[in-house]
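# Working through the structure, step by step
As a plain string of letters, each chain reads:
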Amino acid sequence: MADAMAAAVAAFLKPQRPERPEPLFRPIPDGEPFPLDALPPVLQAGVEGVRGRTQAPVALCAQSVLAVAGLGAARSSDVRLSTGQERPLSLFLATVAASGERKSSTDNEASKPVAAWEAKRRATYATEAENHRVRLAAFETATKELHRIHKKNRAALEAALKELGPPPAPPFLPIATAGADPTIEGLWLLLKDGWGFAGIFSAEGGQFVGSHAMNPDNKLKTAAALSELWDGKPWTRTRRGDGVSVLTGRRIAMHLMLQPEAAGLFLADPVLIDQGLLSRVLVASPTSTMGTRFAAPTLDTERALDRYLLCMSDLWGQPVRHKKGERGALDLRLLALSADAVEAVEAFGREVEADLTDAGRWRPVSGFANKLPEHA
């Protein structure tokens, strides 16, 4: 007995090799391959062409292409869901990619049609703004003169002012992208004084996560405004100085390329989860291609990129239609789903709903899952 106790004590006192620390969180598994074959041929060509030049992950290229195409389509059309509800065509996208994954290069290649659209508008904006200044000065002078002539005859003054008409409208701002760190007030002004649509596109999405719009005082109102715009609702603001104003017919798209740490802050934010903004965001976290990027563009990938750029340039080159009497409000046609599309979406919706039970795979992300048919 004494020997056994001595052996036990000796074993207890024997120096132990420390165990390796266990991570607090399980490693995130690699994402599933992006379903490239689900895209229309021209967007597949865009992904192929952009990837040929950048060798970036397929999902990164696809998200950039989708953002450009989505906003370009949303300028002209809405879609009627199988439920009868109307929704915009633009998308909110987020792509998680580390530094060095060529996010900026991918964004630059995919967004060339947007950059060309903005450059064309900037080329004429200065002249249009000067012409507006001259016309407005002439209008104000004419208004003062009518007041002087008819100051004792109200009926005549009203008739004269009616004949003169409203003041000349300023040209729309030559901007389609809001950058990564817009304030919600700045976004309001862009949608009010711009062409009625905007894209929050950035290869440095961390700027948005750490921006003034997303600080604790502004985060909730920013998320609520973006959610309403994703839904296609009018944006109403009530201010003591500005009074009550409503923006209708505005469309916005978003693609944030986020480094993993910034993505963690964004995607795990309880305010954004509870409010519902993250349920409206399609997220991709592709496997890195670093260490394998030895290929160069080929004739096939360059031709594919040309097909994409030609189609997107045509899409973005279409005239922007606005409603009469509502400055900046887009005049949107309504697209209807085909019978086959309705059947497919409804079947998908039933499949998702069946997995929203307590034990279902979608229950932990039920807010996002409930939006899946609309995303589709």
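As shown above, the structure is provided for reference.
Source: prediction; values computed, not measured.

Conventions adopted
Residues numbered from 1 in each chain as written. Predicted model: local features only at pLDDT ≥ 70, side-chain atom pairs only at ≥ 80, totals over all residues. Heavy atoms only, no water. Pairing = 2+ DSSP bridges. Helix = DSSP H or I, 4+ residues; strand = E, 2+ residues; numbered from the N terminus. Axes fitted to C-alpha atoms, helices over the stretch in contact; angles between N-to-C directions. Contact = heavy atoms within 4.5 Å. Core = buried A, V, L, I, M, F, W, Y, C linked by side-chain atoms within 4.5 Å. Buried < 20%, exposed > 50% of the residue type's maximum accessible area, 1.4 Å probe, protein only.

## Considering the sheet that holds strand β8 (residues 281-284)
With parallel pairing, four strands are arranged side by side in an open sheet as β4-β7-β3-β8. In this open sheet, the two strands that pair with only one neighbour each are β4 (197-202) and β8. Put simply, the sheet's adjacent strands are angled 10 degrees from each other on average, direction ignored. Contacting β3 (92-96), β4, β7 (251-258) and β8, helix α3 (residues 58-74) crosses the sheet at an angle of about 165 degrees to β7.

## With respect to the environment of Pro260
Considering the arrangement of structural elements, one finds Pro260 in helix α10 (residues 260-267). Residues Pro260 and Ser285, 25 residues apart in the sequence, show an inter-C-alpha distance of 9.0 Å. Apart from the residues lying within four places of it in its own chain, the contact partners of Pro260 are Val96, Ala97 and Ala98.

## A closer look at the nonpolar core
Within the largest apolar cluster, 35 residues are counted, with the highest numbers of intra-cluster contacts made by Leu43, Val65, Phe197, Tyr308 and Trp316. Elements that contribute at least two residues to this core include exactly α2 (41-54), α3, α5 (112-149), β4, β7 and α12 (299-317). No other element matches α3, which puts nine residues into this core. Sequence-distant contacts of Tyr308, defined by excluding residues within four places in its chain, comprise Val42, Leu43, Ala45, Gly46, Val65, Val68 and Ala110. Residues Ala94, Val96, Ile252 and Leu272 belong to the second largest nonpolar core, which totals 31 residues.

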